[in-house]
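# Coordinate analysis (summary)
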Amino acid sequence: MSSTLGYHHPKNEYCRRLRWVKVVNVFMNSPKVFHVPLEERKYKDINQFGEGDQAKVCVDIMHKTGAHLELSMAKDQGLSIMVSGKLDAVMKARKEIVSRLQTQASATVAIPKEHHRFVIGKNGEKLQELELKTATKIQIPRPDDSSNHIKISGTKEGLEKAKHEILLISAEQVQRFCVFTCIIFRLSLYGEDYYTVSSVLAPAWLHRFIIGKKGQNLAKITQQMPKVHIEFTEGDDKITLEGPTKDLQMVQSQIEAIVSDLMNRMDYAEISVDPKFHRHLIGKGGANINRIKDQYKVSVRIPPDNEKSNLIRIEGDPQGVQEAKKELLELASRMENERTKDMIIEQRFHRAIIGQKGEKIKEVRDKFPEVIINFPDPAQKSDIVQLRGPRTEVEKCSKFMQKVENSYSVSVPIFKQFHKNIIGKGGANIKKIREETNTKIDLPAENSNSEMIIITGKKANVEAARNRILAIQKELANITEMEVSIPSKLHNSLIGSKGRFVRSIMEECTGVHIHFPTEGSGIDTVTIRGPAEEVEKAKRQLLSLAEEKQTKSFTVELRAKPEYHKFLIGKGGCNIRKVRDSTGARIIFPTAEDKDQELITVVGTEEAVHEAQKELDSLIKSLDNIVEDQMTVDPKHHRYFVARRGQVLRDLADEYGGVMVSFPRTGTQSERVTLKGAKDCVEAAKKRMLEIIEDLDSQVTMECIIPQKFHRSIMGPKGTRIQQITREHNVQIKFPEREDLQGGNGEPNGEVKDLADPAAPKKCDIIILSGRKEKCEAAVEALKALVPVSIEVEVPFELHRYIIGQKGSGIRKMMDEFEVNIQVPAPELQSDVISVTGLASHLDRAKEGLLDRVKELQAEQEDRALRSFKLTITVDPKYHPKIIGRKGAIITQIRTEHDVNIQFPEKNDENQDQITITGYEQNAMAARDAIQAIVDELEEMISEDITLDSRVHARIIGARGKGIRKIMDEFKVDLRFPQSGAADPNLVTVTGRPELVDEAIDHLLNLEEEYVCIKAIFSSLNHNRDGIWTHFVVCIGVLFFTVTLFKKKKKKKNAPDMSSAEDFPSFGAPVAAKASPWGPKRF
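Residues numbered from 1 in each chain as written. Predicted model: local features only at pLDDT ≥ 70, side-chain atom pairs only at ≥ 80, totals over all residues. Heavy atoms only, no water.

## Overview of the overall build of the protein
This is how the line gets drawn: Segments assigned H or I by DSSP are reported as helices when at least four residues long, segments assigned E as strands when at least two residues long, and all are numbered from the N terminus. Only protein chains enter the area calculation, which uses a 1.4 Å probe; residues under 20% of their type maximum are buried, those over 50% are exposed, and those in between are partly exposed. Any two residues whose heavy atoms approach within 4.5 Å are treated as being in contact. Under the convention used here, a 1.4 Å probe and the Shrake-Rupley method define accessible areas, while residue burial counts only the protein chains that appear.
A tally of regular secondary structure across the protein gives 40 helices and 39 strands. Within the protein, the proportion of its 1083 residues that are buried is 35%. Across the protein, every contact between residues at least 6 apart in sequence was considered, and the portion connecting residues at least 24 apart equals 67%. When the accessible surface of the protein is totalled, it reaches about 67,300 Å², and 51% of it is carbon and sulfur.

And the structure:
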C-alpha cells in the first residue's frame, strides 16, 4: 500500500521502475505486423503450419536480421507475421519475409534515361532506401544500355509503391526543367528569391581548370552558394547554372571572371605524332613527359594505345605551351629520324673498346651523346654491338668504332616481293642465316621503296650470307605450291614431338614450308610450298614417312655425348647426309630446347634403321675410342698454356670435343705433353697447339723505361690495368724488383760499386715485355699512356670550399668520377690554382668537369642573390592565426606554392604587425598578394555574439572538438566559446561572412533548443516518477509536433486541438489507453 503523503512502498517502487523499463522497451522495439494473403503465400500446406520449409525460413530470417518473428493464421488462410526488434532489424526482416515467404511479381516502369541516376542516388543510397521501404528488388539498366525501362520485382503492394516512388522522383526532375513550375516551387521554399537557369560560355578544354584539382576551385564557389547547381557537360562549350536569381548572378560573375582569367593566361595546342612514338615521349615511368610538364607548367594529354590516335594536346601558359610543343616535336622528329645499327665486333675486342672502368667507351659516348651503345652480355658470347640514335650520328659513331674492328658491309639487291620469304615465318629464315654466318642483316622498312638488303660482318661471312640470300631469291623465282593428301590420323605422328619429324624434312629440303591443317579439323590436305625441286623432294619424303608410319614404321633411339654431335653431323652436314643417302633412314638430332641433349632418333624401315644405327654406332664408338698421344713442347712455352689457371687448355677442350692435355710438373724440364681423347679430336687439338707454339717462337723481348714511382699507378688496383694490357695485346709483362736502399749505395750487401753512366736508365725503372713485335710495341704505348701527369686549373679561391664539399664529399666524387687526384691549396695560401694529377686521357675530362662545377657554383651564387629579395607586409596581428591556419596548413601552402620563406614576428618583437617574405622578387610579390587576399577576406567578415546556454556548450563542442569542427567546416565560420570563469559563461562569438554567420547562429540556437528540451524531459522524469508515462507522452508529442511543423511549415495544415486531452494531456492526469489489436497492455 502507498500513503497519500507520497510514501512509496518498496515493492510498488520496484513495479513502477519495471513499468518504466517496459514502456521504454515498447517504444524502442515496437512490433510491426505484416499480412501475406493466401493467394500470395509460397507455402500453402496448412497441415505443416509452423513446421517444414516455412518454419526453417522464419528461423533463418531471425538469425540473419536479429528480429523476432511470430506467425499466426487468419480465418481466410492468410499469414500474419508480427516482427519485433530494433527498427532497422524489423525493416530488414520485412524485406526477407516478402522475398522468401511471399510470391513475387514483376513489373517495369519507363522514365527518361537521364532520371535514372536520381533513382540510384549518391553511392546508391537512394536505391537501397527505396528497396528497403517497398520490400522490392529494383534493377536499373547500365549506363551503356539505351533502355529506359526499370524492372521491379516483389509483391503486388510493393510493386505499386515502388512504381509510385520512381514516378514521383522522375516528376520532380521534370519540374526542375520547367521554368514556371520551378519558380513556383522555389518561391514556396525561398520566399522572394526567384529561381533562374542560365549558362556561361567556356571552352570545354577549360572545364577541368575551372573545376580545379580534386574540385577545389568549384568547391569554393558551391560552399559559398550551396543553392546554386553548376553542371559541366563533356564536349559542350558552356557551363549550366541553376538556382536562386541573386545567388546565381554572383556565381555567374565569379565563373565568368575565372573563364576570362584563364582565357587570358592559358592556351592550348595540338600536335600530330605517330602512336608508335608515344611511349618514347612518355619515357620510362613517365620521366620525359613529367619533366616537360614540370618545366613548362603545362598539361599534356597523350591518347591511350586503344584509341590509336596520333593527336597530342598541350594546355597551359601560352609561352609554356609553345615551348613544350617545340620540344615534343623535336623529340618526335628525332625519333622518326632514329635508326638502329648492329656492328659486328669480335667479343675479344669489347673490353678494349670499353676500357678500364668504362673510360674509353665514355669518351665515345661523350663524343656522340645522342647515340646509345649497347654491348652484349659476356655470357652470351655475341659479337653484335648495337647502336641506336639519330641516323647521321649513328653513322658517324659506327665509322669511329670501326677503327677498332674493321666491319665489311655489302648491299644486296633483292626483289621487294621476296623480302618476306627471306625473313621467313616469325623471322626464322633470317635468324638462321644471321646465326650461321655471324653477320648483321638489315632489311628496308615495309613502306620503303628500297630493295637493298645490307649485310655487315667479316668479309668471308658476309659473302656466305650474300650467297645464301641470292640462292633464296633464285629459288623463289621457281616457287611452287603443292597439296598432298595424307590421312588426318597420321598428321600428329608425321609432325612428331615438338615438330621434330616435319622440321627435319624442312631443314633437309631448303626453302620448303610444310603446313598441316588444324588438329581435329578432319582435313587430310597437307600444303607444301617452296622451290619446285625441293617441294618434290619434300613430297616424296613426306609420303614415304607417312607410308612407313602407316605400314612398317620403325624407330630407334641412340645416345651420344652432345659434344660428339657436331662431329657426327660433319661440316655442312656432310657426314649425316652420307648416312641418310646410303641407308634411307631419317636421323633427328635434339634441338637446343630439348631436355635430353644426348638422344638421337632414327626413323624409317626396320632394315634402313638398323643399317643407319650400325653406321652411327660405329662413328660414336670411334669417338668413344679414347686414344692417347704425345707431342713435344719446349718447356719455355709451358707457362703460356697453363697460365691463368689453364685457360688456354680449357678453350682447347671446349673447341675439340673435351680433349685432355697434360703438361709435365713444373721443374721437371720435360718436353713431353700428353693429349687424351677421341682420335680426330686429339689430332685437331694437336694441330692447333703446334700453331700456338709457332706463334710463341716468333715472339721478341722489349724494354719499356718508366720511373719506378709510377709503377704502382700503372698496375692499378690489384693489377687490373696491367692484366687488361696483357689480355688485349697478348703479351707478357714483367716489372722489376723495387730498389733496395738499405745497403750502401743501393747494393744489398753494402758493397760500393763503380758509378754507372748517369744517363743510363736504372734497373728498377725497366719493364720487360715479351710477345710479337707489333703487339709489344702497342703494349709499350699503352703502358706509357698510363703514366700520370699533372695540370693546373684556375678556380676562384672563394669557391674552393664548395668544390671540396661537406667533409670532402664533393672533391671525392669528382676524383672517383674522373679517376684523377685533385689537390686544393691550403686556405692560408689563398691561391686560385688547383692541381689535377692523373692519366693524360683523363685530365681533359677532369679539367672540363672542374670548370663546369665552377660555372654551377657561380650560377648558384647568382641564384642565391636573387632568392634573397625581402618584402615586408603590414598585417593586423589578430589576423595572423588565420593566415597561418590550423597546424600551419594555409601558410605552408602559400610557402610551397610560391617557393618563398614567410617569417612572422616573434613575441618580443617591436613590430608585431610586420610579416617578412623572402624569395625571388616575383614570387615574393605573388605571396604578398595571396596574404593580402586572405586579409581582405577576413576584413569583410563580421562577428556576432549570441547567448547560448552554457549547459549545452559541451554537447555542441563534442568529444575532442569533433562537433564544433563539423559546424565550423559546414558553415565556414569561426566559433569562440567562453573560457572557464568568464564574466558571461553563455556568450558565444560567431565570426564569418554575414550570410554564413546567420545560418550558423540559427543552427546553434536550434541545437540549444533541442538539448535543453531533452534535458528538461529527463529532469522532469527524475523528479516526478508518478507521472512518468504522462510526461514521456507529452514530451514526445511536443517533439513530434515541432519536427512535423518545421518540416511542413510551407504547407497549410489545421491547427491542433489544444483542448484535446489526447493530444495535450495534463501533467499528473490519467491517460486513456488506446485500443490495441493485440489486446490490453500489461506492464
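## Structural notes on the packing of helix 26 (residues 638-655) against helix 27 (residues 679-697)
Convention followed: Structural elements are reduced to axes, namely lines fitted to C-alpha atoms, with helices fitted over the stretch in contact, and the angle between N-to-C directions of any two is expressed from 0 to 180 degrees. The handedness criterion is simple: a crossing whose near helix is rotated anticlockwise from the far helix by less than a right angle is left-handed, and one whose near helix is rotated clockwise is right-handed. Lys, Arg, Asp and Glu make up the charged group, whereas Ala, Val, Leu, Ile, Met, Phe, Trp, Tyr, Cys and Pro make up the nonpolar group; the residues left over, Gly among them, are polar.
Between helix 26 and helix 27, whose axes approach to 12 Å, the crossing angle comes to 140°. Crossing angle aside, the handedness with which helix 26 passes helix 27 is right-handed. Facing Y640, F641, V648 and L652 of helix 26, the residues of helix 27 in contact are R688, M689, I692, I693 and L696. Split by residue class, the contact of helix 26 with helix 27 holds 8 nonpolar, no polar and 1 charged.

## Structural notes on the packing of aromatic side chains
Just so we agree on the cut-off: Working definition: rings of Phe, Tyr and Trp (its six-membered ring) pair if their centres are within 6.5 Å, and the pair is stacked with planes under 30 degrees apart, edge-to-face with planes over 60 apart, and tilted otherwise. Distance and angle both matter: a charge sits over a ring if NZ of Lys or CZ of Arg is within 6 Å of the ring centre and within 35 degrees of the ring normal.
Applying the stated rule across the entire model yields 2 aromatic pairs. Taken together, a centroid distance of 5.7 Å and an interplanar angle of 85° make the contact between Y640 and F641 edge-to-face. For F641, a relative accessible area of 0% corresponds to the buried category. Put simply, the rings of Y640, F641 and F663 pair up and form one aromatic cluster. The cationic tip of R864 hangs over the ring face of Y802; the distance from NZ or CZ to the ring centre is 5.6 Å. Lying over the aromatic face of Y1011, R955 brings its terminal NZ or CZ to 4.7 Å of the ring centre.

## Considering the confidence of the model for the protein
Quick reminder of the rule: Per-residue confidence from the predictor is reported as pLDDT, a score between 0 and 100.
A residue-level look at the protein finds 82% of positions with pLDDT of 70 or above and a mean pLDDT of 76. Of all secondary-structure elements in the protein, the lowest mean pLDDT belongs to helix 1 (residues 10-28), at 40, while strand 36 (residues 914-919) reaches the highest, 91. Predicted confidence is poor over residues 741-755, with pLDDT under 50, and the contacts of this stretch with residues over four places away or in other chains come to 7 contacts. Here residues 1073-1083 scores under 50 on pLDDT; set against residues more than four positions off or in separate chains, the count is 6 contacts.

## Here we look at unusual backbone geometry
The phi angle at K807 is positive, at roughly 55°, despite the residue not being glycine. Within the secondary structure, K807 sits in the loop between helix 31 (800-804) and helix 32 (809-818). K807 gets classed as exposed once you look at its relative accessible area, which sits at 75%. Phi angles above zero are rare outside glycine, and K972 is one such case at about 55°. Relative to the helices and strands, K972 resides in the loop between helix 38 (962-971) and strand 38 (974-976).

## Notes on helix 18 (residues 428-437)
For clarity, the cut-off: Throughout, the arc means that of the directions going from the helix axis to the C-beta atoms.
When helix 18 is considered as a whole, its buried residues turn out to be I430, I433 and T437. For helix 18, the angular spread of the buried residues around the axis is 60°, confining them to a single face. In the segment just after helix 18, N438 is the residue with positive phi, at about 55°.

## Examining the sheet that holds strand 1 (residues 32-36)
We count it as follows: Strand pairing requires that DSSP identify at least two bridges connecting the strands.
Strand order in the open sheet formed by 3 strands is 1-3-2, and the pairing between neighbours is antiparallel. Where the open sheet ends on each side, the last strands, each with one partner, are strand 1 and strand 2 (68-73). This sheet shows a mean twist of 20° between the axes of neighbouring strands, independent of strand direction. Here 5 bridges tie strand 1 to strand 3 (residues 79-84), and the two strands are oriented antiparallel to one another. Bridging across to strand 3, V33 finds its partner in M82.

## A short note on the environment of P143
Mapped onto the fold, P143 is located in the loop between strand 5 (136-139) and strand 6 (149-154). For P143 and R117, which are 26 residues apart along the polypeptide, the C-alpha to C-alpha distance reads 9.2 Å.

## A short note on the nonpolar core
For clarity, the threshold we go by: Put simply, buried Ala, Val, Leu, Ile, Met, Phe, Trp, Tyr and Cys residues joined by side-chain atoms within 4.5 Å make one nonpolar core.
Ranked by internal contacts, the top residues of the largest apolar core, which has 38 residues, are F641 and M689. Only strand 22 (554-559), helix 24 (574-583), strand 24 (599-604), helix 25 (606-624), helix 26, strand 27 (672-678) and helix 27 provide two or more residues apiece to this core. Examining the composition of this core, we find that 7 residues originate from one element, helix 27, more than from any other. When residues no more than four places from it in sequence are discounted, the contact partners of F641 are V633, G646, V648, L649, F663, M689, I692, I693 and L696. Membership of the second largest hydrophobic core comes to 21 residues, among which are I486, L490, V535 and V603.

## Some words on the sheet that holds strand 30 (residues 766-771)
In spatial order, the strands read 28-30-29; together these 3 strands make up an open sheet with antiparallel pairing. The sheet is open, and its two borders are formed by strand 28 (700-705) and strand 29 (732-734), each paired with just one other strand. Neighbour-to-neighbour, the strand axes of this sheet turn through a mean angle of 20°, independent of strand direction. By the bridge criterion, 6 bridges tie strand 28 to strand 30 in an arrangement that is antiparallel. Paired with I705 across the two strands is I766, which belongs to strand 30.

## Examining a negative patch on the surface
Counted only if it meets this: A residue counts toward a patch only above 30% relative accessible area and without a salt bridge, and it is joined to like-charged neighbours within 9 Å or, for Val, Leu, Ile, Met, Phe, Trp and Tyr, to nonpolar neighbours within 5 Å. Whenever Lys or Arg places a side-chain nitrogen within 4 Å of a carboxyl oxygen from Asp or Glu, that contact is recorded as a salt bridge. Counted as positive: Lys and Arg. Counted as negative: Asp and Glu, with His and the chain ends omitted from the count. One atom stands in for each charge, and that atom is NZ of Lys, CZ of Arg, CG of Asp or CD of Glu.
A contiguous patch of negative charge, built from E363, D844, E848 and D852, is present on the exposed surface. Examined against the element boundaries, D852 turns out to sit in helix 33 (residues 840-867). Taking the relative accessible area as the measure of exposure, D852 reaches 34% and is therefore partly exposed.

## Considerations on a positive patch on the surface
On the surface, R886, K887, K962, R965 and K966 cluster together into a patch of positive charge. On the secondary structure map, K887 appears in the loop between helix 34 (880-884) and helix 35 (889-898).

## Regarding helix 30 (residues 773-785)
Operational definition: For a helix, the expected span equals 1.5 Å multiplied by the residue count minus one.
In a regular helix each residue adds 1.5 Å, so 13 residues correspond to 18 Å; helix 30 covers 19 Å between its end C-alpha atoms and thus fits that length. Of the residues making up helix 30, those classed as buried are C776, A779, V780 and L783. Relative to the axis of helix 30, the buried residues are bounded by an arc of 105° and lie together on one face. Those residues of helix 30 that are buried are in contact with strand 28, helix 28 (711-715), helix 29 (720-729), strand 29 and strand 30.

## Regarding the environment of E615
Heads up, the condition is: Whenever a nitrogen or oxygen atom comes within 3.5 Å of another N or O atom, the pair is scored as a polar contact, on the condition that within protein one atom can donate a hydrogen and the other can accept it, and that pairs from neighbouring residues in sequence are kept only if both atoms are in side chains.
With respect to the helices and strands, E615 occurs in helix 25. Separated by 32 residues in the primary sequence, E615 and T583 place their C-alpha atoms 9.2 Å from one another. With residues near it in sequence (within four places) discarded, E615 still touches V579, S582 and T583. A distance of 3.3 Å separates a polar atom in the side chain of E615 from a polar atom in the side chain of S582.

## Structural notes on the environment of G78
Within the secondary structure, G78 is located in the loop between strand 2 and strand 3. In sequence terms G78 and P37 are 41 residues apart; their C-alpha atoms lie 4.4 Å from each other.

## What to know about the side chain of H115
Tracing the sequence through the fold places H115 in the loop between strand 4 (105-110) and helix 4 (116-120). A polar atom in the side chain of H115 sits 2.9 Å from the side chain of S170.

## What to know about the pattern of salt bridges
Per the counting criterion, the structure on display carries 21 salt bridges. E327 is the partner of R291 in a salt bridge, and the nearest nitrogen-oxygen pair spans 2.5 Å. On the criterion of sequence distance, the pair formed by R291 in helix 12 (residues 287-296) and E327 in helix 13 (residues 318-336) is long-range, its members being 36 residues apart. We note a salt bridge from D974 to R976, for which the minimum N-O separation is 3.1 Å. Through salt bridges with shared partners, one network takes in E270, R313 and E315.

## Topic: the pairing of strand 21 (residues 525-531)
Most of strand 21 is tucked away: 5 of the 7 residues are buried. As defined by bridge partners, strand 20 (residues 513-515) adjoins strand 21 across 3 bridges and the pair is classed as antiparallel. Within strand 21, the position partnered with H515 by the bridge is T527.

## Digging into the side chain of E393
Among the structural elements, E393 can be located in helix 16 (residues 391-401). In this structure E393 comes out as buried when scored by relative accessible area, which is 17%. Those residues within four positions of E393 in sequence are excluded, and the remaining contacts are F368, E370 and V371.

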